[in-house]
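Residue-level listing of the chains:
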Amino acid sequence: MYVFLQSVKSCRNCLVAVCMCWLAQVELCMSQDSVESTQDPVQPPTVSSPIVDFGKDIAPLLVKNCVACHNEKKAEGGLNLQSHDTLMKGGDSGAAVTAGDLSNSQLVSRLVDPDSPMPPDDNSVGAQRFTEAEVTLVRSWIESGAAPPQQMQTADLKWQPIPATVHPVNALAASTDGNYVALGRGNQAFVLRQVAASSLEHAFALVDPAVAGTLHANYSNSSSAKAATIASQISPAAHLDLVQSVAFSPDSERIATGGYRSVKIWRRNLQPIGQLPTGVNLTLEKSVTAISPSGRWLALATPENPLEVVDLQAAQSQRFLRALPESVSALVWLDDERLVACDTAGTYALFQTGWTKWQVLTSQTSPAATELTRLGNEKLLGIASEGRLLQLSIDSAALTVAGQYVDGFDQVQSLAASANYELPMAVGLASGIVRIVQTSDYAVLREITTAGPVQRLAMGPDGATVASSTGQAPAQLWRVQDGTPVATLDRDYQFSQLVAVAQRNQTRQQGLLERLNNQLGELKKATEAEQASLAKVQEVREQAAQELAAKEAEQQAADQAVQAGMQAVTEAEQALAEAMKLLETRKTELETKHKAVAEANAKRQAALSALASRDQALATAQDAASRAAARVPEIEGIIHAEQQRLEGLQQASQSLAADPAAKHQAVRLAFDTDGSRVVVADEKGFLHFYSTVDGNTEAKLKVPAAVVHMATTTAGNLVSLTGGGVVQQWQLDLPWQLERTIGDSTSDLLSDRISALDFSPDGGSLAIGSGPASRFGEVKIVDCQTGEVSRDLGQIHSDSVLALRYSPNGRQLASGGADKICRVVDLETGQVVRTLEGHTHHVLTLAWKDDGVTLATGSADQSVKLWNIETGTQIRTIGGFKKEVTAVVFVGQTHQLAAVDASGVVQLLDANSGKQIRAFPGADGPVLALGVGADGKVLYAGGWSGNYWIWQIEDAKRLN
């Protein structure tokens, strides 16, 4: 295990507090000296230089204590200290450095300012004030001319083994086919088959030979005894640095792992490891064949040709004269050097590979056999031509064979025995019965009723399971102990994956349509309500207009009365002498009428104001009603488009279900060496791998034509023979191999540790999240076929990206960062469509619910938040965690949410209520990674201790 030797960055971007503990334990140092130095290579050497260089001496100080707040993304005071060029440009207050002039270099004055020094003592990013020696170094550089760097600002990276105690499981992922779990442990990565995931002893290690080579290069030429010891202890690994992230592709054929500035993609090898050269001519269509236990020798014979033994390693054929008087009817290898043959006349012969001729065995009885099976070193069981069971004993020293029929067995069509000949064996009958019998006396222990005449049988090497086939239907798998069925082996791996995806997409699409239809119903109700409100507003407005008309009539009458009063006053004045008393009366009446006019005018103004208010209300109501009415056809159009999408998904599901290629007939059967897989060869030229635990389909391999014979070798490989003469070998463990590496520790393609990875739902792209602490967080998307960056979403966070997840439909990508924010990007436009704020600490983990609407975010603020992405609103906050929430994941298509925190608590939550459903005990220390099996029945977790745990979700029972 290895870790790069670079100056320790601030721990402010650690995913959880425990990462600080790791950084405290890991020995990191920078070395410019050769590893040939007599100094201990693990200790940082002392290097002195008479010339102060910006790249070597000054830049590391700025990166450590200044760049967090003065960078391209976050340039406080307009000052960017990321490079020599940006430093020399200065900031809002002018030049930060003036070459050769300390008095005009604000950088120095701020470093030593006693009142407001930089960096400030109360900063939140862990920056430290410069020491006196560091300030002196800065002064010397400025006085000498503030020259640009003479060398790269990033020094060569040196690597050393990670301490044996540092092997956290930082990342974990379960495959969508339900067969694998991948985890990063230290700088190693492992793939476990879920049927045997109880121990890392059964895991497949992902190894990049270049990793060990890089570290060996640092130590192999050293004369130091400690360096030699370290070199001898270097173990295979996936990355030089800790594995920070792991992701499975949707088709479960690829795994991506992330380390320091590099991503590695591993692919499952489904290709043959060897094939007999085409120059070796074989006729296998109607031949009798047998493969030696090691897989080296192939024996075959046809009615027209003498028996032939082919050395599959050397691709050489040893042809023999006809050793038996009649055509060969059965062949069986006793071991890798001895072959027994029988002809249709009942003559037996023994061939030893070191001999140059056949030895015909003296036979006490000579019933011919059509099939032979080993039951021991020199004990055979065969099927006589009339379907009777035949027991044979071979004496290779005396060159004799003795045979006798086993009573009670008629119409036998197939035989199968385990590698342990003391365990029971299986006998297949034409009646469709499989008998499980003792090998010692052939006593019948139990009978299994199958789907038809048992043409083919295979028994696992541990004797736990037996597979049967009629040759015209799918194979069946049975438990030997009680005769109960395990599974019908008829599922096609590729079609099963496609059907599962189609069903999930269909369910998700139906949910979307339900939501849209609900929105349409609510919108129509709102439209009706707006129309009703509009009618009421119109009615009130008419009433106001009528009231205004009445008030205007009253005012007109009052005006007319004033005119009449004025005329009366004039007449009264003319008759003043005669009517002074009458004048006073008229003046009083006029004042009263003026008051009436003022009152009428006030009422008119009030009526005008009321009418204006009603007009405004009417306009608002008309606008709301118009917008609501316009939204209806828009939603209806969306529903129509999504309905068409649903119909397409339904049609695709129906087509997959009805596709004849999804069905196959089993023509040959074989088990792998540990009995955990059974291989079924079909009539179309495919090999299907199934788990013997539950019958789950695990792989589908293509062979050139229908297989006429296949066998498992002691080396753990499978040898297959087709009728056309093609002989191939396959690795039964389906190993994972490094397909490509994206970036490396010295490249700037990826900026920092790869803390987040996720494959797109179609498997074509891989999203990569990274970013240096407190500077920026970047997301890049690479094409899985080419490894090239197909899209750069840029620095969408102001701090490291710590989590990435594609939405279930692949249209959006959610990212969480150390800047406390979650962003959602529309991948069609590349625009951020949602910025989810509310966490008060790093967003460490994300999980989409399968509906594609609900997003869960987990944070170092000890909470989980649930968001509605369609509206951008927060649904609820789930608290109660003791420490940082390090991982969350939804269980299948349910509303159940699994969550873990750095205190070691693993729990299942109800996302609808936020309440705990159950807790999962047993984790020892901080838990950092989490995964759920494809069937939603199993929960996986890994932690700081390097351990991982498996539980049944339904009852929290530990499985490892």
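Each residue is numbered by its place in its chain's sequence as written, counting from 1. Only residues with pLDDT of at least 70 get local features here, since the model is predicted, and only at 80 or more are side-chain atom pairs given and counted; chain-wide, interface and lining totals rely on the full set of residues. To get the side-chain values, take all heavy atoms of the structure and skip hydrogens and water.

(A) Examining the overall build of the chain more closely. A run of H or I in DSSP becomes a helix once it reaches four residues, and a run of E becomes a strand once it reaches two; helices and strands are each numbered from the N terminus. On a plain count of helices and strands, the chain comes out with nine helices and 58 strands. The long-range share in the chain, meaning contacts at least 24 apart out of those at least 6 apart in sequence, stands at 52%. Throughout, the Shrake-Rupley method with a 1.4 Å probe supplies accessible areas, and for residues the shown protein chains are the sole cover considered. Total accessible area computed for the chain in this model is approximately 42,300 Å², and 48% of it derives from carbon and sulfur atoms. Contacts are assigned to residue pairs that have any heavy atoms within 4.5 Å of one another.

(B) Seen up close, unusual backbone geometry. At the junction of Met118 and Pro119, the peptide bond is cis and its omega measures out at -5° in the coordinates. Within the secondary structure layout, Pro119 lies in the loop between helix 4 (106-112) and helix 5 (132-143). Even without being glycine, Tyr442 reaches a positive phi, approximately 65°. Along the polypeptide, Tyr442 turns up in the loop between strand 26 (433-437) and strand 27 (444-449). Here the phi dihedral of Lys820 falls at roughly 75°; this positive angle occurs in a residue that is not glycine. Considering the arrangement of structural elements, one finds Lys820 in the loop between strand 45 (812-817) and strand 46 (822-826).

(C) Structural context of helix 2 (residues 54-65). Each residue after the first adds 1.5 Å to the expected span of a helix. In a regular helix each residue adds 1.5 Å, so 12 residues correspond to 16 Å; helix 2 covers 15 Å between its end C-alpha atoms and thus fits that length. Burial status follows relative accessibility: with a 1.4 Å probe on protein chains alone, a residue under 20% of its type maximum counts as buried, one over 50% as exposed, and anything between as partly exposed. Where helix 2 is concerned, the buried positions are Phe54, Gly55, Asp57, Ile58, Ala59, Leu61, Leu62 and Asn65. Packed against the buried residues of helix 2 are helix 3 (84-89) and helix 5.

(D) Fine view of the environment of Val207. One can find Val207 in the loop between strand 6 (204-206) and helix 6 (209-219). In this structure Val207 comes out as partly exposed when scored by relative accessible area, which is 34%. In this structure the C-alpha to C-alpha distance between Val207 and Phe190, which are 17 residues apart in sequence, comes to 9.0 Å. When sequence neighbours within four positions are dropped, the list of residues in contact with Val207 reads Pro236, Ala237 and Trp266.

(E) Inspection of helix 5 at higher detail. Its 12 residues place the ends of helix 5 16 Å apart at the C-alpha level, agreeing with the 16 Å of an ideal helix rising 1.5 Å per residue. Listed as buried for helix 5 are Glu134, Val135, Val138, Trp141 and Ile142. Along the axis of helix 5, the buried positions cluster into a sector of 120°, meaning they face one direction only. Facing away from the buried side of helix 5, by more than 90 degrees, are the exposed residues Glu132, Ala133 and Glu143. An arc is given here, and it is the one of the directions from the helix axis to the C-beta atoms.

(F) Layout of the sheet that holds strand 52 (residues 885-890). If DSSP finds at least two bridges between two strands, the strands pair. Pairing is antiparallel across the open sheet formed by four strands, whose spatial order is 52-53-54-55. The strands lining the two open edges of the sheet, one partner per strand, are strand 52 and strand 55 (916-919). With direction set aside, neighbouring strand axes in the sheet form an average angle of 25°. Strand direction decides the pairing type here: strand 52 and strand 53 (residues 896-901), joined by five bridges, are antiparallel. Between the N-to-C directions of two axes lies an angle of 0 to 180 degrees, each axis being a line fitted to C-alpha atoms and, for a helix, fitted only over the stretch in contact.

(G) Just the sheet that holds strand 8 (residues 254-258), in detail. Here we have four strands laid out as an open sheet, ordered 7-8-9-39, and antiparallel in their pairing. The sheet terminates laterally at strand 7 (245-248) and strand 39 (736-742), the two strands that pair on one side only. Adjacent strand axes in the sheet meet at a mean angle of 20° when their direction is disregarded. With six bridges joining them, strand 9 (residues 263-268) and strand 39 adopt antiparallel strand pairing. For Arg268, the partnering residue across the bridge sits in strand 39 and is Trp736.

(H) Here's a closer look at the environment of Gln907. Relative to the assigned elements, Gln907 resides in strand 54 (residues 906-910). You can call Gln907 buried: its relative accessible area is 9%. Beyond its immediate chain neighbours, meaning those up to four positions away, Gln907 contacts Phe881, Leu897, Ala898, Ala899, Gln916, Arg918, Ala919 and Phe920. Polar side-chain contacts of Gln907 include one of 2.9 Å to the side chain of Gln916. Identification of polar contacts relies on pairs of N or O atoms within 3.5 Å, with a donor-acceptor requirement for protein atoms, meaning one able to donate a hydrogen and the other able to accept it, and with residues adjacent in sequence counted only if both atoms are side-chain atoms.

(I) Layout of the pattern of salt bridges. Between Lys or Arg on one side and Asp or Glu on the other, a salt bridge is scored when a side-chain nitrogen of the former is within 4 Å of a carboxyl oxygen of the latter. Under the counting rule described, the total for this entry stands at 13 salt bridges. As a salt-bridge pair, Glu698 and Arg193 come within 2.8 Å of each other at their nearest N and O atoms. You can see Glu698 sitting in strand 35 (residues 697-702) and its partner Arg193 sitting in strand 5 (residues 188-193), a full 505 residues away along the chain. With respect to burial, Glu698 and Arg193 carry one shared label: buried. Across the pair Arg435 and Glu447 runs a salt bridge whose closest N-O atoms are separated by 3.1 Å. Placement of the pair is Arg435 in strand 26 and Glu447 in strand 27, with a sequence separation of 12 residues. Each of Arg193, Arg677 and Glu698 takes part in one network of salt bridges that share partners.

(J) Representation of the pairing of strand 27 in the model. As paired strands, strand 26 and strand 27 are joined by five bridges and run antiparallel to one another. Bridging from a neighbouring strand, Val437 pairs with Val444 of strand 27. Turn length for the strand 26-strand 27 hairpin, with the two strands adjacent in sequence and antiparallel, is six residues, and the turn residue Tyr442 shows positive phi of about 65°.

(K) Focus on the confidence of the model for the chain. What pLDDT conveys is the predictor's confidence in a given residue, as a value from 0 to 100. In the predicted model, the chain carries a mean pLDDT of 82, and the fraction of residues at 70 or more is 81%. Throughout residues 1-49 the model reports pLDDT below 50, and contacts reaching past four residues in sequence, or to other chains, amount to 135 contacts.

(L) The arrangement of the packing of aromatic side chains in detail. Stacked, edge-to-face and tilted labels apply to pairs of Phe, Tyr and Trp rings (six-membered ring for Trp) whose centres lie within 6.5 Å, assigned for plane angles under 30 degrees, over 60, and everything in between, in that order. Counting across every chain of the model gives four aromatic pairs. Seen in terms of ring centroids, Tyr180 and Trp736 are 5.4 Å apart; in terms of plane orientation they differ by 85°. Their pairing is edge-to-face. In this pair, Tyr180 sits in strand 4 (residues 180-185) while Trp736 sits in strand 39, placing the two residues 556 residues apart along the sequence. When sorted by exposure, Tyr180 lands in the same class as Trp736, which is buried. Between the aromatic rings of Phe920 and Trp951, the centroid separation amounts to 5.7 Å while the plane-to-plane angle is 55°, which identifies the pairing as tilted. With Phe920 in the loop between strand 55 and strand 56 (927-932) and Trp951 in strand 58 (residues 948-952), this residue pair connects regions lying 31 residues apart in the sequence. One aromatic cluster is present, built from ring pairs that chain together Tyr180, Phe248 and Trp736. Above the plane of the ring of Tyr405 lies Arg388, whose end atom (NZ or CZ) is 3.9 Å from the centre. When the NZ atom of lysine or the CZ atom of arginine is within 6 Å of a ring's centre and also within 35 degrees of its normal, the charge is said to sit over that ring.

(M) View of the nonpolar core. To form a nonpolar core, buried Ala, Val, Leu, Ile, Met, Phe, Trp, Tyr and Cys residues must be joined to one another through side-chain atoms within 4.5 Å. Core analysis: the largest hydrophobic core is formed by 30 residues, its most contacted members being Ile255, Leu687, Phe689, Leu701, Met710 and Leu718. Ala59, Leu111, Val135 and Ile142 belong to the second largest nonpolar core, which has 22 residues in total.

(N) A look at the pairing of strand 42 (residues 777-783). Of all seven residues in strand 42, six are buried; the element is thus mostly enclosed. The pairing of strand 41 (residues 765-770) with strand 42 spans six bridges and is classified as antiparallel. For Leu766, the partnering residue across the bridge sits in strand 42 and is Val782. As consecutive antiparallel partners, strand 41 and strand 42 are separated by six residues, and within that stretch Gly771 has a phi angle of approximately 135°, a positive value. Taken together, the five bridges between strand 42 and strand 43 (residues 789-797) define a ladder with antiparallel strand orientation.

(O) Molecular detail of the packing of helix 2 against helix 5. Running from N to C, helix 2 and helix 5 point in directions that differ by 130°, and their axes come no closer than 11 Å. In terms of orientation, helix 2 lies oblique with respect to helix 5. Seen from above, helix 2 lies across helix 5 with left-handed handedness. Of helix 5, the residues touching helix 2 (which contributes Phe54, Asp57, Ile58, Leu61 and Lys64) are Glu134, Leu137, Val138 and Trp141. Angle categories are assigned with fixed cut-offs, so that under 35 degrees is roughly parallel, over 145 is roughly antiparallel, 65 to 115 is roughly perpendicular, and the rest are oblique. By the definition used in this description, the sense in which the near helix is turned from the far one sets the handedness, with an anticlockwise turn below a right angle giving left-handed and a clockwise turn giving right-handed.

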